[in-house]
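So you can see what is in the structure, the chains are spelled out below.
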Amino acid sequence: MSISLSDIANLAKRRGFIFLSGEIYGGIAGFYDYGPIGFGIKRRILDDWWWFFVSSRDDVYGISPAIITSPKVWVASGHVDEFIDILVECARCKSRFKAETLLEEAGIKIQDFSMESVKNAIKNNNIKCPKCGGELSEPRCFNLMIEAHVGAVKDESSVVYLRPEIAQGMFTNFKLISAIVGARLPFGIASYGKVFRNEISPRGFIFRLREFEIAEIEYFIDPNEQNNCALFSEVENIEVKIWTKEEQKRELEPKERTIGEAFNEGIFSNMWHAYWAGKAVEWLISIGIKPEHLRLREHLETELAHYAKQTFDIEYYFPYLGWKEIVGIANRTDYDLRRHTNMSGEKLYLTKNGKEFYPYCIEPSFGIDRIFLAIITEAYTVRDGKIVLRLHPKVAPYDVAILPLLKKPKFIAKAKEINTMLKLERFATYIDFSGKIGKAYAKIDEIGIPFAITIDHKTFEDNTVTIRFRDTKNQIRIQVSELAKKLRELKYNYIMQ
Ligand code: GAP
């Protein structure tokens with residue numbers, strides 16, 4: 001079955017996953033609101049991310065930096081000068097396009113994204129406005145940061161930027177955090193939250209947004225210990241397709257490799273870079289993404305961000321968009337700590353054996369909305385003409401549905417009793433009193449609830465209920481007193497099929 005983006009968007013709208021923000025006024029492209037089911041799923045993704053990358057580890061510290069900070073931060077980080085896209089405008093209808101997307105959609109591959117090369121590619125391939133066929137302007141640079149003003153006066157002096165990444169909050173607080181928690185290298189600082197980018201052409205439903213959520217780790221290592229990763233055994237056997245820049249240039253296919261093999265081949269800039277690529281792949285698989293739908297693609301020199309020495313994108317195969325980036329794993333070296341030290345005068349370096357040095361930084365950066373889209377895409381199946389969203393229970397909007405077979409007081413009272421019992425055990429429950437069991441099953445299958453408890457006539461004879469499994473429609477009968485234990489087992493031992 002092939003899934004289209006509109007299948008996903010229709011389900012998202014109909015079942016309250018996601019809506020265009022301010023839709024009653026027509027909305028603005030690139031801004032979406034998450035509804036109860038969508039936010040339920042997104043919160044679960046973020047909670048699991050936090051557990052996997054922060055709480056379950058002893059070497060990563062979580063923080064929450066402000067969205068708006070001193071604009072000097074963005075000058076030092078290079079974003080004021082370098083965080084740009086190349087834009088072209090239609091001379092006739094005035095629509096604006098990101099040059100890279102325009103070329104990609106016209107099937108033109110270029111490896112050099114300099115202004116001159118983009119200009120030549122547009123001219124030589126006679127590319128016209130995709131909306132009206134008009135002539136396109138000369139390409140020009142466009143800074144992606146969204147500006148705001150702080151204070152009573154609105155002029156140049158009050159300009160601030162909505163953060164386009166969270167990373168800088170981790171770099172500017174590096175010294176404070178390492179001093180306060182007494183962290184020793186290697187260690188990481190992590191955070192998640194909203195970021196803002198003035199994308200020229202937001203598209204692909206929630207794929208390219210102007211306000212979106214990212215989750216990032218800045219992991220600091222000793223530059224003299226780059227290939228000394230005591231945790232490497234955690235990832236060395238993880239298998240994934242890897243596409244090096246050399247293979248891309250020579251138009252070769254990506255190769256299936258283990259992270260260990262790829263490191264030994266010298267594909268990664270260092271061992272910690274390989275480690276974090278492996279951990280990111282491991283987490284994505286653990287929340288329900290099939291390994292065959294993931295690949296690591298190395299950035300070509302011309303694609304690298306201004307701060308990166310080497311970057312791998314983790315790409316997911318969206319059946320309706322092709323291979324697209326959902327996570328970036330960059331080696332930022334000491335670029336940021338050095339720049340902030342130079343500009344602020346604050347010493348963001350460490351000392352070892354009397355010698356000063358800047359730690360290097362490996363940065364895994366996860367686009368949460370894109371991961372959400374990937375998870376929904378992966379889970380979307382159709383059974384007997386009805387949608388079944390086979391979400392991993394860890395990222396389902398609710399753990400379990402509670403359904404009384406009949407809409408009668410004693411059935412409703414028992415359902416409420418079980419509901420309270422399971423909530424006390426910290427299960428996110430969904431209760432449906434309609435008594436229309438067939439319809440209720442169809443709804444909960446569509447929003448991805450993995451298990452449903454049904455209260456039927458037998459419940460009043462022996463205090464048992466049935467648990468129905470979303471993926472197989474199989475049912476088991478169980479004592480009410482055993483429910484919490486069984487559900488916990490089912491949730492954590494779930495195997496994706
Ligand atoms: N601090 C590094 C950084 O921000 P990035 O590759 O620019 O790196 C991180 O962004 C992730 O955010 C990407 O891997 C992608 O998944 C997601 N992302 C980037 N631009 C996006 C957009 N306009 N809409 C939704 N997600 C986006």
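Residues numbered from 1 in each chain as written. Predicted model: local features only at pLDDT ≥ 70, side-chain atom pairs only at ≥ 80, totals over all residues. Heavy atoms only, no water.

Participant: In this structure, what is going on with the environment of arginine 477? I would like to understand it.
Facilitator: Structurally, arginine 477 is set in strand 25 (residues 475-479). Each C-alpha atom of the pair arginine 477 and isoleucine 453 lies 9.5 Å from the other, and the pair is 24 residues apart in sequence. A polar side-chain atom of arginine 477 sits 2.7 Å from a polar atom in the side chain of aspartate 456. Within the structure, the side chain of arginine 477 is placed 2.9 Å from the side chain of threonine 464, a separation counted as a polar contact. (Helix = DSSP H or I, 4+ residues; strand = E, 2+ residues; numbered from the N terminus. Polar contact = N/O pair within 3.5 Å; in protein donor to acceptor, adjacent residues only side chain to side chain.)

Participant: Help me understand the site of the ligand, please; the structure alone is not making it clear to me.
Facilitator: Taken together, 19 residues are adjacent to the ligand, and Glu165, Leu209, Glu216, Glu325 and Ile326 come closest. Between a nitrogen atom of the ligand and a side-chain N or O atom of glutamate 165, the distance comes to 2.6 Å. The separation between a nitrogen atom of the ligand and a polar side-chain atom of glutamate 199 is 2.9 Å. With the chains in place, 91% of the 560 Å² that the ligand exposes on its own is no longer accessible. Counting residues per element, the ones that place at least two in the shell around the ligand are strand 10 (211-221), strand 15 (322-333) and strand 18 (360-367). Counting residues per element, the shell around the ligand draws most heavily on strand 15, at five residues. Classifying every residue of the shell around the ligand by side-chain character gives seven nonpolar, three polar and nine charged. (Near = heavy atom within 4 Å. Areas by Shrake-Rupley, 256 points an atom, 1.4 Å probe, with all protein chains shown as cover. Nonpolar A, V, L, I, M, F, W, Y, C, P; charged D, E, K, R; others polar.)

Participant: Which parts of the structure should I look at to understand a nonpolar patch on the surface?
Facilitator: A cluster of nonpolar residues, Ile67, Ile68 and Val150, forms a patch on the protein surface that exposes about 220 Å² of accessible area. With respect to the secondary-structure elements, isoleucine 67 resides in the loop between strand 3 (60-62) and helix 3 (71-76). In this structure isoleucine 67 comes out as partly exposed when scored by relative accessible area, which is 31%. (Patch = residues over 30% accessible without salt bridge, like charges linked within 9 Å, V, L, I, M, F, W, Y side chains within 5 Å. Salt bridge = Lys/Arg side-chain N within 4 Å of Asp/Glu carboxyl O. Buried < 20%, exposed > 50% of the residue type's maximum accessible area, 1.4 Å probe, protein only.)

Participant: I tried to follow the domain arrangement of the protein on my own but got confused; where do I start?
Facilitator: When the parts come together, some accessible area is lost, and that loss is often what is quoted as the size of the interface. Domain assignment breaks the protein into domain 1 (5-79 + 157-378), domain 2 (84-143) and domain 3 (398-492). Between domain 1 and domain 3, the contact holds six residues from the first and seven residues from the second. For the pair domain 1 and domain 3, the two sides together bury roughly 580 Å², of which 49% comes from carbon and sulfur. Contact with domain 3 buries area across many residues of domain 1, yet Arg15, Ile37 and Arg44 alone supply 74% of it, more than any other trio. In this assembly, domain 1 and domain 3 are joined by three salt bridges. Residue aspartate 399 pairs with arginine 44 through a salt bridge whose shortest N-O separation is 3.2 Å. Counting every contact that joins domain 1 to domain 3 gives three residue pairs in polar contact (both at pLDDT 80 or more). Listing elements by their share of the side of domain 1 that touches domain 3, those giving two or more residues are helix 1 (5-14) and helix 2 (36-55). (Domains from an automatic or database assignment. Contact = heavy atoms within 4.5 Å. Buried area = accessible area lost by both parts, 1.4 Å probe.)

Participant: Explain the pairing of strand 15 here, please?
Facilitator: Each regular strand displays side chains that alternate between the two surfaces of the sheet. Most of strand 15 is tucked away: 10 of the 12 residues are buried. Inspection of the sheet shows strand 14 (residues 310-318) paired to strand 15 by nine bridges, in the antiparallel sense. When the sheet's bridge partners are listed, threonine 311 is paired in strand 15 with alanine 330. Turn length for the strand 14-strand 15 hairpin, with the two strands adjacent in sequence and antiparallel, is three residues. For strand 15 and strand 18, the ladder comprises six bridges, and the chain directions are antiparallel. When the sheet's bridge partners are listed, asparagine 331 is paired in strand 18 with isoleucine 362. (Pairing = 2+ DSSP bridges.)

Participant: Is there a simple way to explain the side chain of aspartate 85 in this structure?
Facilitator: Structurally, aspartate 85 is set in strand 4 (residues 84-89). Here the side chain of aspartate 85 touches lysine 98 through a polar contact of 3.4 Å, side chain to side chain. Discounting residues that sit within four places of it in the chain, aspartate 85 has contacts with Lys98, Arg140, Cys141, Phe142, Leu144, Glu199 and Ile200.

Participant: Mind showing me how you'd approach the pattern of salt bridges here?
Facilitator: In a structure, side chains of opposite charge can pair up when their charged atoms sit close to one another. Summed over all chains, the structure comprises 45 salt bridges. Between aspartate 313 and arginine 297 there is a salt bridge whose closest N-O contact spans 3.7 Å. Here aspartate 313, found in strand 14, pairs with arginine 297, found in strand 13 (residues 294-298); they are 16 residues apart in sequence, far enough to count as distant. Taken individually, aspartate 313 and arginine 297 each receive the classification buried, so the pair is uniform in this respect. Residues arginine 468 and aspartate 445 are paired through a salt bridge, measuring 2.9 Å at the closest nitrogen-oxygen approach. Placement of arginine 468 in strand 24 (residues 464-469) and of aspartate 445 in helix 15 (residues 437-446) is noted, with a sequence separation of 23 residues between them. On the basis of relative accessible area, arginine 468 is assigned to the buried category, the value being 5%.

Participant: What is the right way to look at unusual backbone geometry in this model?
Facilitator: Trans peptide bonds make up most of the peptide bonds, and negative phi angles are found at most residues other than glycine. The residue after leucine 185, namely proline 186, is reached through a cis peptide bond having omega -5 degrees. Notably, aspartate 384 is not glycine yet its phi reads approximately 50 degrees, a positive angle. Summarising the element assignment, aspartate 384 is placed in the loop between strand 19 (380-383) and strand 20 (386-389). Its relative accessible area of 67% is what places aspartate 384 among the exposed residues.

Participant: Just to check I follow, could you spell out the side chain of aspartate 399 for this structure?
Facilitator: If you trace the backbone, aspartate 399 turns up in the loop between strand 20 and strand 21 (400-404). Here arginine 44 takes part through its side chain, which lies 3.2 Å from a polar atom of the side chain of aspartate 399. For aspartate 399, the side chain forms a polar contact with the side chain of lysine 491, separated by 3.0 Å. If we skip the residues at most four places from it in the chain, aspartate 399 touches Arg44, Pro393, Arg426, Phe427, Ala428, Ile449, Pro450, Phe451 and Lys491.

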